[in-house]
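# Per-entry structural report
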Amino acid sequence: MSFRSSRGGGRRGRRGGRGCRDGSRERWEKGGDGGASRGHSSDRDRDQGAEGQGARHPPHLKGREIGLWYAKYGAVRRKQADRRSVRTVLGFMVLSETRTFISPAVAKDEPPDKWDEDEQQQDEKEKLMRVHEDLEFLFHEVVRDVSLDSYLKRDLQSKKSDPKYGEMLVGELVQLINSNRVLVVSGETGCGKTTQVTQFILDDHINRGMGSMCRVVCTQPRRISAISVAERVAAERAERVGNGNSCGYQIRLQSRLPRRQGSILYCTTGIILQWLRSDPLLSSISHLVLDEIHERNLQSDVLLIIVKELLNFRDDLKIILMSATLNADKFSKYFENCPMIHIPGLTFPVEEFLLEDIIEITRYRPQDPDRRSSWNRSFWQGRHIRPEKEEKETEYKESWPFYAEAPQANGCLFFLMFVCLFLEILLFFVCLSAAKCHVFVLQDGAILVFLPGWDNISSLNDLLMAQPMFRSDRFVIIPLHSLMPTVNQTQVFKRPPLGVRKIVIATNIAETSITIDDVVYVIDGGKIKETSFDIDNNISTLTAEWVSLANAKQRKGRAGRVCPGKCYHLYNGLRASLMDAYQLPEIMRTPLEELCLQIKILKLGSIARFLEKAPDPPTEKAVNLAIKNLIDLNALDHSENLTALGFHLARLPVEPHIGKLILFGALLGCLDPVLIIAASLSFKDPFFIPLGKEKLADMRRKTLSKNSKSDHLTIINAFRGWEEAKQHGARYEKEYCWDNFLSANTLQMLHNMKGQFAEHLMHAGFVSSKDPKDPKSNVNSDNEKLIKAVIVAGLYPKVAMIRPSHSKKRPGVKVYTQADGKVCIHPKSVNAEETEFNYTWLIYHLKMRTSSIFLYDCTEVSPFSLLFFGGDITIQKDEDQETIAVDKWIVFRSPARIAHLVKNLKKELDSLLEEKIRNSAPVDWQNRKSKDCAVITAIIDLITTQETPRAPWTRKHTYFDDDDDDKD
DNA sequence: GAGCACTGC
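As annotated in an unreviewed UniProt entry, chain A carries the name ATP-dependent DNA/RNA helicase DHX36 and is attributed to Mastacembelus armatus. The record in UniProt for chain A states the following under Cofactor (unreviewed entry): "Mg(2+)". In the Catalytic activity (unreviewed entry) part of its UniProt record, chain A is described as follows: "ATP + H2O = ADP + phosphate + H(+)".

For the rest of this paragraph, the subject is the overall build of chain A. Helix and strand counts for chain A come out as 39 helices and 26 strands. Burial status across chain A gives 59% buried among its 968 residues. Across chain A, the fraction of contacts at a sequence separation of at least 24, relative to all contacts at a separation of at least 6, is 72%. Surface exposure of chain A reaches about 41000 Å², of which carbon and sulfur atoms provide 52%.

Let us now look at the sheet that holds strand 24 (residues 873–878). Pairing is antiparallel in the open sheet, where three strands are placed in the order 24-25-26. Of all strands in the sheet, those bounded by a partner on one side alone are strand 24 and strand 26 (890–893). The mean angle between the axes of side-by-side strands here comes to 25°, regardless of whether they run parallel or antiparallel. Pairing between strand 24 and strand 25 (residues 881–886): six bridges, direction antiparallel. Paired with isoleucine 875 across the strands is isoleucine 884, a residue of strand 25. Each of strand 24 and strand 25 is contacted by helix 38 (residues 896–918), which is oriented at about 170° to strand 24, the strand it contacts most.

In this section: the nonpolar core. Counting residues in each nonpolar core, the largest one holds 137 residues, and the members touching the most others are Leu321, Phe868 and Phe869. Not counting chain neighbours up to four residues away, the residues in contact with phenylalanine 869 comprise Phe664, Leu668, Ala789, Val792, Ala793, Tyr796, Lys906, Leu909, Leu913 and Ile943. Counting residues in hydrophobic clusters, the runner-up holds 32 residues, among them Ile177, Ile201, Cys218 and Met322.

Let's shift gears to helix 36 (residues 784–795). Every α-helical turn comprises 3.6 residues, leaving residues that sit three or four positions apart pointing alike. With twelve residues, helix 36 should reach 16 Å at 1.5 Å per residue; the first-to-last C-alpha distance of 17 Å fits that figure. With ten of twelve residues buried, helix 36 is to be regarded as a mostly interior element. The N-cap of helix 36, judged by a side-chain oxygen 3.2 Å from the amide nitrogen of lysine 785 a few residues on, is asparagine 783.

Before going further, it helps to spend a moment on the UniProt feature "domain: Helicase ATP-binding" (unreviewed entry) in chain A. On the UniProt side, "domain: Helicase ATP-binding" (unreviewed entry) is annotated at positions that read residues 174–344 here. Helix makes up 38% of residues 174–344 and strand 22%. Its end C-alpha atoms lie 17 Å apart.

This part takes up the environment of leucine 761. Looking at the secondary structure, you find leucine 761 in helix 35 (residues 744–764). Along the primary structure leucine 761 and serine 920 are separated by 159 residues, whereas in three dimensions their C-alpha atoms are 9.2 Å apart. If near-sequence neighbours (up to four positions away) are discounted, leucine 761 is found in contact with Ile662, Leu663, Ala666, Leu671, Leu675, Phe766 and Val767.

For the rest of this paragraph, the subject is the domain arrangement of chain A. Here the domain parsing of chain A yields domain 1 (151–343) and domain 2 (350–371 + 384–587). Summing both sides of the interface, domain 1 and domain 2 together bury roughly 1000 Å²; the carbon and sulfur share of this comes to 59%. We note a salt bridge from glutamate 188 to lysine 553, for which the minimum N-O separation is 3.4 Å. The interface formed by domain 1 and domain 2 includes four residue pairs in polar contact (both at pLDDT 80 or more). Across the side of domain 1 that touches domain 2, the residue classes tally to four nonpolar, four polar and five charged.

Bringing the environment of asparagine 838 into the picture now. In this fold, asparagine 838 is placed in the loop between strand 19 (821–825) and strand 20 (841–844). The exposure class of asparagine 838 is partly exposed, given its relative accessible area of 26%. C-alpha of asparagine 838 to C-alpha of glutamate 860: the two residues are 22 residues apart in sequence and 7.7 Å apart in space.

Rules of the game
- Residues numbered from 1 in each chain as written.
- Chains lettered and ligands numbered in written order.
- Predicted model: local features only at pLDDT ≥ 70, side-chain atom pairs only at ≥ 80, totals over all residues.
- Heavy atoms only, no water.
- UniProt positions renumbered as here; feature names shortened; annotations may be inferred.
- Helix = DSSP H or I, 4+ residues; strand = E, 2+ residues; numbered from the N terminus.
- Buried < 20%, exposed > 50% of the residue type's maximum accessible area, 1.4 Å probe, protein only.
- Contact = heavy atoms within 4.5 Å.
- Areas by Shrake-Rupley, 256 points an atom, 1.4 Å probe, with all protein chains shown as cover.
- Pairing = 2+ DSSP bridges.
- Axes fitted to C-alpha atoms, helices over the stretch in contact; angles between N-to-C directions.
- Core = buried A, V, L, I, M, F, W, Y, C linked by side-chain atoms within 4.5 Å.
- Expected span 1.5 Å × (residues − 1).
- Polar contact = N/O pair within 3.5 Å; in protein donor to acceptor, adjacent residues only side chain to side chain.
- Domains from an automatic or database assignment.
- Buried area = accessible area lost by both parts, 1.4 Å probe.
- Salt bridge = Lys/Arg side-chain N within 4 Å of Asp/Glu carboxyl O.
- Nonpolar A, V, L, I, M, F, W, Y, C, P; charged D, E, K, R; others polar.

The structure is reproduced here in structure tokens:
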């Protein structure tokens with residue numbers, strides 16, 4: 001068909017200059033899925049319109065897209081002074097949907113984008129000219145054109161007889177929505193449900209003269225999709241996004257709001273959950289559309305529970321649940337078998353191959369089994385299987401002999417089970433020699449390889465780069481991972497020049513978050529990394545698991561965006577038959593503390609009873625553990641009520657420990673630096689790591705740490721460096737980021753988040769200004785030791801003990817936690833290879849079990865900071881040693897006199913802080929004579945002036961600096 | 001000696 005071969009034509013190239021894929025766009029926001037794909041299919045239409053003159057619209061288009069296609073088609077024809085087709089445009093605009101007026105000029109244009117100023121101006125000019133052109137027909141008398149009439153009629157009928165069009169009919173959908181309180185809309189990515197359903201609802205209301213009664217809010221799991229979908233919809237409606245128009249978006253710290261009534265708002269799920277605090281009935285919303293709920297994110301699951309409850313209080317609220325087809329009926333069942341409607345997809349067909357097919361096609365025979373099987377073992381880090389997955393593994397092993405005998409199984413399959421084929425297959429795909437294989441001919445298009453993690457991406461990249469062929473300019477190989485700078489570059493979206501093959505090696509980031517349009521071949525490695533929570537050992541885990549069928553389907557779909565594609569799954573049919581339909585919902589594999597606080601602040605009743613109502617509830621044990629942790633944190637009391645501290649923690653949009661960090665940063669007068677840490681811990685650290693430059697990146701971080709023995713202070717240093725560089729101008733900023741492997745985007749986000757936290761603190765009454773840098777909030781901000789103590793206050797009891805290592809093979813230290821025993825400092829930490837610590841304790845935020853148990857970030861902390869900001873203090877006299885201990889675990893040697901002084905001072909501090917938190921008042925640093933100030937200043941002095949001790953492990957097991965005798 | 005992916009008035 002003509003439109004398939006039209007890719008890469010001159011027209012395409014010209015548009016590409018400001019298109020959302022390859023233009024000067026810096027970020028990849030537009031790469032989102034869902035509704036964004038709708039945008040691309042329209043893009044597709046445009047190309048076709050340019051060349052498909054005189055042709056009918058492509059058969060896969062429906063509804064509005066047909067209108068858009070003909071709008072484009074019309075524009076081309078108009079240039080040839082053919083007025084008849086202009087009327088065709090109008091005709092279709094009216095006929096295709098019950099829709100308000102759409103200017104063909106804007107409808108056929110790209111959604112507003114962030115291209116260069118010049119280009120934008122140029123574009124505006126072009127647009128104006130086009131509007132002028134388009135308006136021309138308005139001044140001509142409409143005369144009957146019989147041939148057009150019959151054409152229109154035929155076309156409409158043909159569309160109506162097309163089942164896709166029929167199902168997409170506005171009427172049916174709108175009628176279902178109007179006559180039901182809950183409706184499930186199912187359809188695959190690319191079917192247009194995200195951009196269309198909301199508009200159908202609004203337009204129906206407007207048509208009935210009830211426009212002002214309609215406020216549609218549609219939730220998206222990702223920030224990027226909220227923006228891109230809103231922009232797409234606004235473009236379809238011939239408007240700009242936000243500015244009081246009919247369509248807008250809201251995500252954290254960024255919004256372009258539509259008018260309040262008669263409008264559509266796209267927002268992230270988290271935004272709605274925040275709204276619920278001030279508007280528990282969501283009374284400003286008439287229709288709530290929950291999109292992508294099949295992904296089973298924590299937030300969307302929680303919103304489902306709440307919405308189900310909400311229906312008891314709001315009989316005028318309409319709920320539309322949008323899900324992929326595979327588990328749509330689960331949601332229907334959850335809402336008392338509410339009706340479902342299916343919208344068929346628009347993507348191109350993708351041919352799928354399982355491992356046995358691949359062997360058949362490639363005629364692959366392993367050549368050097370020994371080498372590969374060991375390579376395979378290191379390639380997949382499949383050593384740690386989650387208990388619930390073990391059963392399937394056993395079943396696989398038991399079924400294997402039978403499967404191997406079946407006719408479809410190839411003789412060498414058994415072997416392949418252990419051997420990774422990537423290099424061979426990829427080689428095969430891209431350098432087919434006629435002698436080796438006759439079956440395979442590659443067409444143009446990028447290859448997208450899905451691998452579970454950094455290591456695999458790195459190994460495959462190395463393997464490819466070891467081949468002279470792949471190093472040649474016939475290939476461009478792009479590793480894609482959230483930690484690599486490539487995620488923020490446009491390169492991955494660009495179409496390579498003719499004759500150059502693009503190979504993207506990606507994690508599941510390319511499954512939903514980043515959409516690469518020109519992918520035609522997908523190689524699905526079949527594994528995915530998944531975080532989970534090991535409830536028995538009370539630890540988060542990250543392991544590579546077999547993908548679910550839903551993942552496999554999603555990956556497959558990535559190949560069919562521009563033309564029919566092919567997807568190769570590197571697992572056999574037996575494996576496929578044992579795969580889960582879906583990944584475990586996030587709510588079942590994540591710690592629940594923060595969620596529990598949310599439930600409390602939203603006054604949703606008993607935590608356990610609320611969570612029981614989830615579509616897939618977390619285990620009782622998980623819930624109880626979270627509650628216990630919150631009680632230990634003094635956020636909940638024993639009757640599950642929020643304490644004063646808990647109340648403030650629940651109001652901050654961060655997890656409880658980070659909330660506590662923020663509060664203490666405010667109370668102890670080191671707001672700005674502490675907010676940098678808090679933002680970074682709750683979002684992500686700003687460091688990039690280019691593939692192959694891991695060592696260099698480590699060194700730069702180490703330099704930035706300025707020997708603070710702290711990842712947290714390293715981030716402060718990096719951030720301050722960035723602030724300073726930015727003041728000198730954009731060029732310096734860029735240079736600074738580049739030199740230090742920092743992401744300017746992330747740093748900017750952290751900066752914005754700091755502002756948000758400070759605003760929260762001001763509203764809560766803990767500081768007097770919403771400026772994080774306000775001097776009154778920062779009297780102690782240059783006190784590094786105090787900042788470390790505040791980190792203890794926030795993150796306690798996440799403490800680890802340092803002991804010297806006597807191993808000659810691996811110098812450094814040994815690290816232990818109370819619950820896990822020996823753990824490792826993550827190699828990315830600035831403390832990873834540190835041998836000289838000043839103290840014997842570390843405080844950390846994230847601990848996770850992967851190949852071992854790792855502390856991902858940590859800060860060396862002093863005894864006094866643990867004593868004052870840690871847990872309960874006990875004083876003991878064992879044999880000849882007098883000791884003081886925090887929670888009976890962190891033991892220091894100390895004379896009883898000092899120990900008692902510390903204990904009393906700590907008691908004063910506790911009651912002071914409790915009082916401050918209860919009455920949410922800032923500490924008055926001006927009045928040095930006040931009791932507040934006296935106690936806090938005394939403690940700060942102690943923490944600050946404590947001598948740096950001698951080599952800490954010269955004293956056995958316990959350590960406390962006796963030199964402190966003279967201080968109190 | 002190692003880093004799936006998201007999100008927050």
